[in-house]
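# Fold and contact review
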Amino acid sequence: MNGNSINATEMNYPSTIYRLIIFMVLMGSIAQVNAQSDLHINNVFTHFEKNKNAVMVSLSNEVLDDYKFSLFKSINIKDDASAADYVREQIALDEKGAKKIKQVISNGKVTSIYLDLTPKKGMNRLILFNEQVKPERQLILIYIESEHSTDDVLKILLKKK
Amino acid sequence: MKLKQQNRIENVTSEDIDRLLGKYYEGLTTLEEESLLHTWLSQMGIPSRFDADKALFGYFSGQKNTSVKKVNIVRIASWFSAVAASLALLFVIGNSFNSNNSNYVFIQGKKYTNLTLAKEKALTTLSLLHEPQDEVRKSTSLLNEGDKLIQEQLNLLDGANL
């Protein structure tokens, strides 16, 4: 009788450990699903989101039902020329393999670019960047994930303006 | 080991079994002796006076198997419930992560989770986007300004010739 109860107690420890391991593995996989993609422009959002001259927006899923987007991220930074250079660097890293929809170069620098990135997990991905110097220096960077084609996304955006 | 026990069983007499059963009912048997009893009683063709003992041992053996099956079912059920609970929890966590943690706005370093404010700021940023036509219009207007300058300079030249 005693032997049986010892066996039962011994069995409970590994069983609990296995359950914990399964739970952690599942947690890890979910976290990975929700993790930001491997794009370099994510550095811009994380680096400048708490900047005093910046306004950073992150919206996802049901909030964006009107637009049919699954993710919308934007950042607007004012009076920071070095930030613009940093954004340009990060975009240049993500540009490989992407389709350029629009590009404006002024004084040898990219002041505006729309990039159609290769789709990931069934989502079309779009990067929009614009820098203006007058009337005040400011840049905007937008990242959008959507099931819609990038052409449709642009039409929606420009219509909503 | 089995062979050894078989040899032992062959040498065991009914009297030995009687004596071992007596010890068993008094709770004095060793595990080896209980095993010997179990094996001996599970044999075919043993005297009918051992039927009651045989039934008793058979009953215990059956109960043991049922309890093992029960333990297995309980273990499988607990595994399933653990996995189901984990999935449900992850679904809830995932959903709340998506709907709450992914919807926010940082303004001058301060985080707000007010959706109306976040949407408003998103629309403000979108309004700053330049349409491709705007860029073409700008470039064309610059060209027109260039034309004007050339015309002015030509006019000046004409004036000088006069």
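Right, let's walk through the structure included here.

Thresholds, definitions, all that
Residues numbered from 1 in each chain as written. Chains lettered and ligands numbered in written order. Predicted model: local features only at pLDDT ≥ 70, side-chain atom pairs only at ≥ 80, totals over all residues. Heavy atoms only, no water. Helix = DSSP H or I, 4+ residues; strand = E, 2+ residues; numbered from the N terminus. Buried < 20%, exposed > 50% of the residue type's maximum accessible area, 1.4 Å probe, protein only. Contact = heavy atoms within 4.5 Å. Areas by Shrake-Rupley, 256 points an atom, 1.4 Å probe, with all protein chains shown as cover. Salt bridge = Lys/Arg side-chain N within 4 Å of Asp/Glu carboxyl O. Patch = residues over 30% accessible without salt bridge, like charges linked within 9 Å, V, L, I, M, F, W, Y side chains within 5 Å. Pairing = 2+ DSSP bridges. Axes fitted to C-alpha atoms, helices over the stretch in contact; angles between N-to-C directions. Parallel < 35°, antiparallel > 145°, perpendicular 65-115°, else oblique. Left-handed = near helix turned anticlockwise from the far one by under 90°. Nonpolar A, V, L, I, M, F, W, Y, C, P; charged D, E, K, R; others polar. Arc of directions from axis to C-beta. Phe/Tyr/Trp six-rings, centres within 6.5 Å; stacked < 30°, edge-to-face > 60°. Expected span 1.5 Å × (residues − 1). Polar contact = N/O pair within 3.5 Å; in protein donor to acceptor, adjacent residues only side chain to side chain.

For chain B, the helix and strand inventory stands at six helices and two strands. Along its sequence from the N terminus, chain B presents helices and strands in the succession α-α-α-α-β-β-α-α. Counting all 162 residues of chain B, 20% fall into the buried class. Contacts in chain B between residues far apart in sequence, at least 24 positions, make up 39% of those at least 6 positions apart. Counting every atom, chain B has about 11,700 Å² of accessible surface; 60% of that belongs to carbon and sulfur.

Once that is clear, we can look at the overall build of chain A. Along the backbone of chain A there are four helices and six strands. Along chain A, helices (α) and strands (β) appear in the sequence α-α-β-β-α-β-β-β-β-α when read from the amino end. The contacts in chain A between residues at least 6 apart in sequence include a share of 52% that link residues at least 24 apart. A total accessible area of about 8,900 Å² is found for chain A, and carbon and sulfur atoms account for 55% of it.

Before going further, it helps to examine the pattern of salt bridges. Residues and elements named next belong to chain A. Under the definition given, this model contains eight salt bridges over all chains. Residues Glu 131 and Arg 88 are paired through a salt bridge, measuring 2.8 Å at the closest nitrogen-oxygen approach. Placement of the pair is Glu 131 in strand 5 (residues 123-132) and Arg 88 in helix 3 (residues 81-94), with a sequence separation of 43 residues. Neither residue differs from the other here; Glu 131 and Arg 88 are each classed as buried. Through salt bridges with shared partners, one network takes in Asp 85, Arg 88, Lys 109, Glu 131 and Arg 137.

What follows is about a nonpolar patch on the surface. A cluster of nonpolar side chains, Ile 150, Leu 154 and Leu 157 of chain B, forms an exposed patch at the surface whose accessible area comes to about 280 Å². Positionally, Leu 157 of chain B belongs in helix 6 (residues 132-161).

Time to look at the sheet that holds strand 2 (residues 110-112) of chain B. Here we have eight strands laid out as an open sheet, ordered 3(A)-4(A)-5(A)-6(A)-2(A)-1(A)-1(B)-2(B), and antiparallel in their pairing. Strands with a single pairing partner mark the edges of an open sheet, and in this sheet they are strand 3 (99-106) of chain A together with strand 2 of chain B. On average, each strand axis in the sheet is inclined to that of its neighbour by 10 degrees, with strand direction left out of account. Where strand 4 (residues 109-120) of chain A lies against strand 5 of chain A, seven bridges are found, and the strand directions are antiparallel. Opposite Leu 117 of chain A, over in strand 5 of chain A, you have Arg 125 of chain A as the bridge partner.

Moving on: the packing of helix 2 (residues 14-25) of chain B against helix 3 (residues 31-41) of chain B. Residue and element names in this part refer to chain B. Running from amino to carboxyl end, helix 2 crosses helix 3 at an angle of 125 degrees, the nearest separation of the two axes being 10 Å. In this view, helix 2 runs oblique relative to helix 3, as classed from their interaxial angle. Here the hand of the crossing between helix 2 and helix 3 comes out left-handed. From helix 2, Ser 14, Ile 17, Leu 20, Leu 21, Lys 23 and Tyr 24 reach across to helix 3, where they touch Glu 33, Glu 34, Leu 36, Leu 37, Trp 40 and Leu 41. Here the residues of the contact of helix 2 with helix 3 are counted per class, giving eight nonpolar, one polar and three charged.

Of the pairings in the sheet, the one linking strand 3 of chain A to strand 4 of chain A comprises seven bridges and is antiparallel in character. For Lys 102 of chain A, the partnering residue across the bridge sits in strand 4 of chain A and is Tyr 114 of chain A.

All right, on to helix 2 (residues 41-48) of chain A then. For an α-helix, 3.6 residues make a turn, and residues three or four places apart therefore share a direction. Residue and element names in this part refer to chain A. Of the positions making up helix 2, those classed as buried are Ile 41, Asn 42, Val 44, Phe 45 and Phe 48. One side of helix 2 carries all its buried residues, which in axial view fall inside an arc of 160 degrees. Residues of helix 2 that are exposed and point over 90 degrees away from its buried face: Thr 46 and His 47. Those residues of helix 2 hidden inside the fold are in contact with strand 1 (54-60), strand 2 (69-78), helix 3, strand 5 and strand 6 (138-146).

What follows concerns the packing of aromatic side chains. Residue and element names in this part refer to chain B. Considering all chains together, one arrives at four aromatic pairs over all chains under this definition. Measuring from centroid to centroid gives 5.6 Å for Tyr 24 and Tyr 25, while their planes differ by 70 degrees, and the two rings are edge-to-face. With centroids separated by 5.7 Å and ring planes inclined at 85 degrees, the aromatic side chains of Tyr 104 and Phe 106 adopt a geometry described as edge-to-face. For Tyr 104, a relative accessible area of 10% translates into the label buried.

Bringing helix 5 (residues 115-127) of chain B into the picture now. Residue and element names in this part refer to chain B. Helix length check: helix 5, at 13 residues, gives a terminal C-alpha distance of 18 Å against a target of 18 Å (1.5 Å per residue), a fit within 8%. Three or more residues of helix 5 are buried, namely Ala 118, Ala 122, Thr 125 and Leu 126. What you see down the axis of helix 5 is that its buried residues fit within an arc of 100 degrees, all on one side. Capping the start of helix 5 is the job of one residue whose side-chain oxygen sits 2.9 Å from the backbone nitrogen of Thr 116: Asn 114.

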